[in-house]
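Descriptive analysis of the structure
Letter by letter, the chains look like this.
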Amino acid sequence: GQRLAPTIMSLAQGFTAMIQSSPSEQTREEVNSFSALLDMLQDTNTSTATRELAIQKLKSEYPDYLGAMDIEKASLEDIKRLQTDTMAAMEKRITKMIFLEELEEKTTELKRAELDLFKMEEKARTDLSSIIMFNSGNSINTMDIQIANQELYIQKIKDEQSEIKKTQDAYLEANPIIEET
């Protein structure tokens, strides 16, 4: 019982870390692991047993990266080219993933801000209605001033909404989505 507890905790922490890491972080870890295995194959000091384990792991965990290459018969130049090409393609993919993650975050922030602004505008309109009802017996000047203040407040909300949209548009313009090749 007590000997299993640390193992179970370790597994739970591992799953928590997997859930909390972003897709781009997971992909980066995968690419780094793939690259490390290729480095082992290119290292002339690697033992035959270690080389065979690396080949086995590459075949089982990264068949998509290997494509049609027979990794067991590949030359050092072929392995290096595979590594270089795969790393370049994956860096583009990771960059795109990071951009999309940031865009999703900015879009969520924008939606939250728009909802907050909508609620504020709704409250301002309700307050305006209350002012009109409350001041029905007061002088026109007092009521006009209060109405004008509420209209200024509503315009301020609309201006803030416009600024949020401009910020999102500027972010999209400054961070174009990278096309996959």
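Residues numbered from 1 in each chain as written. Predicted model: local features only at pLDDT ≥ 70, side-chain atom pairs only at ≥ 80, totals over all residues. Heavy atoms only, no water.

**Some details on the packing of helix H2 (residues 23-42) against helix H3 (residues 48-61)**
Rules: Structural elements are reduced to axes, namely lines fitted to C-alpha atoms, with helices fitted over the stretch in contact, and the angle between N-to-C directions of any two is expressed from 0 to 180 degrees. Segments assigned H or I by DSSP are reported as helices when at least four residues long, segments assigned E as strands when at least two residues long, and all are numbered from the N terminus. In this scheme the handedness of a crossing depends on how the near helix is turned from the far one: anticlockwise by less than a right angle means left-handed, clockwise means right-handed. Contacts between residues were defined by any pair of non-hydrogen atoms, one from each residue, lying within 4.5 Å. For this classification, Asp, Glu, Lys and Arg are treated as charged, while Ala, Val, Leu, Ile, Met, Phe, Trp, Tyr, Cys and Pro are nonpolar and the rest, including Gly, are polar.
With their axes 9 Å apart at the nearest point, H2 and H3 run at an angle of 145° to one another. The two elements H2 and H3 meet at a crossing, and its hand is left-handed. Contacts from Phe34, Leu37, Leu38, Met40 and Leu41 in H2 reach Thr50, Arg51, Ala54, Ile55, Lys57 and Leu58 in H3. Of the residues assigned to the contact of H2 with H3, the class counts are eight nonpolar, one polar and two charged.

**Things to note about the packing of aromatic side chains**
For clarity, the cut-off: Any two of the Phe, Tyr and Trp rings considered here, Trp counted by its six-membered ring, make a pair once their centres fall within 6.5 Å; the pair's planes then place it as stacked at under 30 degrees, edge-to-face at over 60, or tilted in between. Classification of residues uses two cut-offs on accessible area relative to the type maximum, computed with a 1.4 Å probe and protein chains only: under 20% is buried, over 50% is exposed, and between them is partly exposed.
Enumeration over the complete set of coordinates arrives at three aromatic pairs. Between phenylalanine 34 and tyrosine 62, the aromatic rings sit 5.4 Å apart at their centres with planes inclined by 65°, giving edge-to-face as the arrangement. You can see phenylalanine 34 sitting in helix H2 and its partner tyrosine 62 sitting in the loop between H3 and helix H4 (63-66), a full 28 residues away along the chain. Among the residues examined, phenylalanine 34 registers a relative accessible area of 0% and is labelled buried. Taking 5.7 Å as the distance between ring centres and 15° as the angle between the ring planes, the aromatic pair formed by tyrosine 62 and tyrosine 65 counts as stacked.

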